[in-house]
Amino acid sequence: MADPKTVLEFAKKHDAKILDLRFTDIPGLWHHVSYPIEQLTEASFDEGFGIDGSSIRAWAGIHESDMLLKPDASCYLLDPFTDVPTLVLICDVVDPVTKQAYDRDPRFIARKAEMYLSSSGIADAAYFGAEAEFFIFDNVRFDQREQYGFYYIDAEEGRWNSGRETNNLGYRPRFREGYFPVAPTDHYQDLRSEMMLTMQSCGMEVECHHHEVASGGQTEIDLKFDSLLRSADKMLLFKYIVKNVANRNGKTVTFMPKPIFGDNGSGMHTHQSLWKGGEPLFAGDGYAGLSQLALWYIGGLIHHGPALSAIIAPTTNSYKRLVPGFEAPVSLAYSRRNRSAACRIPMYSAAPRAKRVEFRPPDPSCNPYMAFAAMLMAGLDGIENKIEPGQPLDKDIYETDPEEVSKIPSMPGSLEEALEALQRDHAFLLKGDVFTEELLRTYIEYKRSKEVDAVRLRPHPYEFALYYDI
């Protein structure tokens, strides 16, 4: 673990001229503020830097707006995109009056989840590995006003661009047939490699990259697992790198779960496991080589799945992905290998250290600090209350008898339903003050007013096709 002195030496070695402080809002976007590097001293790591918290979405009111950013000396890097050498430090948010961590800082929520895990005695480490998918487009236009609303996507790989008179060389993935094609059908090998190399230059460990199932340049780059907090930190850096590499190549990236109608959406399948004393706790002699503890953890994810959905699939667009027929894991069940179940147990390796559960409903629009913390709390609740996950789903759900399917619990069908589920079922999140009633109330109110109602109140373009001549 680095200390302030190490950070200052790193800045001097790389001739950094600018200090850039990063922090995260509740919806999950990185924010930053920059200073001359001379303002960074060893004392800065204790004293912090002041900001106006009232200007951040769903944060403090204007009467209590002063906040401090306290740099984390273990999270620093040289920004790979700035012309001027810039030292980036990830920060925690602190109340300047009480000197306590701010309850609405998502990074603090992740820290508290790790502290609760340690205090539970169940395990001392939770490892998370998220697979965030995204689309690469050439151009996107969208707007919404009182009298019109539209979006228009232009993508080199889009099947809808077959009528282009110029820059049209064919070789496009068919809808839902984009998995692993070689060039020239895969247009973005070099771009993905540039993204991967940039991540590696920032100290991230990348396992692989590849084209995903959808057309429109859908991509996946997999990072090696890490602790809950570090994995969340890396997911914010991951998004920053992907967007900026695309931007400097004249492309645009979206982590929106379902930007293209009729094709697969983007998920963020999240692998997770618990360890204690350096030993894995999920390996055993039960189903798919799992321990009883792992099965209870899965039971917690399944039992709290509807409530979790408000945090792990937190947009109205998320529920255009979570529909049957597009490899979407809407069934709250578990299985080895079966990707139609919410919980999949990968079977690539029999090694105890590789034993984990992959929770498939999350998508990359979520705040990773809050999403990872919520999933951990659901799994721990399953262990603490010995929640059995039921029978495994070792069959194709889409070819199963409808009557049998109706008995399998499923994810909510909309963000509104998900928020209602979270309102009913959130006691498991309050343990150890990981989440607070006040934070969850603010989150639910924000999502309802700024997203659910905002979308519900506006005419949809397709409604004109359906109803204009009614």
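Residues numbered from 1 in each chain as written. Predicted model: local features only at pLDDT ≥ 70, side-chain atom pairs only at ≥ 80, totals over all residues. Heavy atoms only, no water.

(A) Region of the structure containing the packing of helix α6 (residues 292–303) against helix α7 (residues 305–312). At a minimum axis distance of 5 Å, the contact between α6 and α7 shows a crossing angle of 75 degrees. As the angle between them shows, α6 and α7 are arranged roughly perpendicular. Contacts between α6 and α7 involve L301, I302 and H303 on the former and, on the latter, G305, P306 and L308. Residues of the contact of α6 with α7, tallied by class, amount to four nonpolar, two polar and no charged. (Axes fitted to C-alpha atoms, helices over the stretch in contact; angles between N-to-C directions. Helix = DSSP H or I, 4+ residues; strand = E, 2+ residues; numbered from the N terminus. Parallel < 35°, antiparallel > 145°, perpendicular 65-115°, else oblique. Contact = heavy atoms within 4.5 Å. Nonpolar A, V, L, I, M, F, W, Y, C, P; charged D, E, K, R; others polar.)

(B) Looking closely at the sheet that holds strand β1 (residues 18–24). What the five strands build is an open sheet, ordered β2-β1-β5-β4-β3; its pairing is mixed. Edge positions in the open sheet fall to β2 (30–36) and β3 (49–52), since each of these has one partner strand only. Strand-to-strand, the axes of this sheet are offset by a mean angle of 40 degrees, without reference to chain direction. The pairing of strand β4 (residues 66–78) with strand β5 (residues 86–94) spans seven bridges and is antiparallel. Its bridge partner being in β5, Y76 is matched across the sheet by L89. Contacts between helix α3 (residues 106–120) and the sheet are confined to β1, β4 and β5, with β5 contributing the most and set at about 70 degrees to the helix. Across the sheet, helix α5 (residues 228–248) touches β1, β2, β4 and β5, and the angle it forms with β4 is around 85 degrees. (Pairing = 2+ DSSP bridges.)

(C) Quick look at a nonpolar patch on the surface. Taken together, the side chains of V140, F142, Y151 and F261 define a hydrophobic patch exposed on the protein surface, amounting to about 530 Å² of accessible area. Locating F142 in the fold gives a position in strand β7 (residues 139–144). Since its relative accessible area comes to 61%, F142 is described here as exposed. (Patch = residues over 30% accessible without salt bridge, like charges linked within 9 Å, V, L, I, M, F, W, Y side chains within 5 Å. Areas by Shrake-Rupley, 256 points an atom, 1.4 Å probe, with all protein chains shown as cover. Salt bridge = Lys/Arg side-chain N within 4 Å of Asp/Glu carboxyl O. Buried < 20%, exposed > 50% of the residue type's maximum accessible area, 1.4 Å probe, protein only.)

(D) Representation of the packing of aromatic side chains within the structure. Here the structure, examined in full by the defined rule, presents 17 aromatic pairs. Seen in terms of ring centroids, F10 and Y76 are 4.9 Å apart; in terms of plane orientation they differ by 65 degrees. Their pairing is edge-to-face. Within this pair, whereas F10 is found in helix α1 (residues 4–13), its partner Y76 is found in strand β4, the two being separated by 66 residues in sequence. Here Y76 falls in the partly exposed class, since its relative accessible area comes to 25%. An aromatic cluster is defined as three or more aromatic residues linked by ring pairs; in this entry it consists of F23, W59 and Y102. For R22, the ring lying beneath its charged end belongs to Y240, and the centroid distance is 4.4 Å. The ring of F225 has K224 sitting right over it, with the charged end atom 6.0 Å from the ring centre. (Phe/Tyr/Trp six-rings, centres within 6.5 Å; stacked < 30°, edge-to-face > 60°. Lys NZ or Arg CZ within 6 Å of the ring centre and 35° of its normal.)

(E) Here's a closer look at α7. Taken across its eight residues, α7 has seven buried, putting it largely inside the fold. Turning to α7, its buried residues are G305, A307, L308, S309, A310, I311 and I312.

(F) Here's a closer look at unusual backbone geometry. Positive phi, normally seen in glycine, also occurs at K99, with a value near 65 degrees. Within the secondary structure, K99 sits in the loop between β5 and α3. In the Ramachandran plot, D433 falls in the positive-phi region, its phi being about 55 degrees despite a non-glycine side chain. One can find D433 in the loop between α12 (427–430) and α13 (437–456). In this structure D433 comes out as exposed when scored by relative accessible area, which is 52%.

(G) Fine view of helix α9 (residues 368–384). Under the 1.5 Å per step criterion, the end-to-end length of α9 is 24 Å for 17 residues, consistent within 8% with the ideal 24 Å. α9 sits mainly inside the fold: 16 of its 17 residues count as buried. Of the residues flanking the start of α9, the one acting as N-cap is N367, its side-chain oxygen 3.1 Å from the backbone nitrogen of Y369. (Expected span 1.5 Å × (residues − 1). Polar contact = N/O pair within 3.5 Å; in protein donor to acceptor, adjacent residues only side chain to side chain.)

(H) Region of the structure containing the nonpolar core. The biggest cluster of nonpolar side chains holds 126 residues, and the ones touching the most others in it are M195, F238, L274, L376 and F435. The contacts of F435, once residues within four sequence positions are left out, are I109, I311, M370, A373, A374, L429, L430 and L440. Counting six residues, the second largest nonpolar core, distinct from the first, contains F135, I153, A214 and I260. (Core = buried A, V, L, I, M, F, W, Y, C linked by side-chain atoms within 4.5 Å.)

(I) How the structure looks around the pattern of salt bridges. Taken as a whole and assessed by the stated rule, the structure comprises 24 salt bridges. A salt bridge links K251 to D138, with the nearest nitrogen and oxygen atoms 2.4 Å apart. A residue pair is termed long-range when its members are at least 10 positions apart, and K251 in the loop between α5 and β12 (252–254) and D138 in the loop between β6 (125–137) and β7 qualify at 113 residues. A residue is classified by how much of its surface remains accessible, and K251, at 15% relative accessible area, is buried. Across the pair K447 and E451 runs a salt bridge, and its minimum N-O distance is 3.0 Å. Placement of the pair is K447 and E451 together in helix α13, with a separation of four residues, close to one helical turn. This pair shows no difference in class: K447 is buried, exactly as E451 is. One salt-bridge network, held together by shared partners, links D72, D92, R107, R111, R230 and D233.

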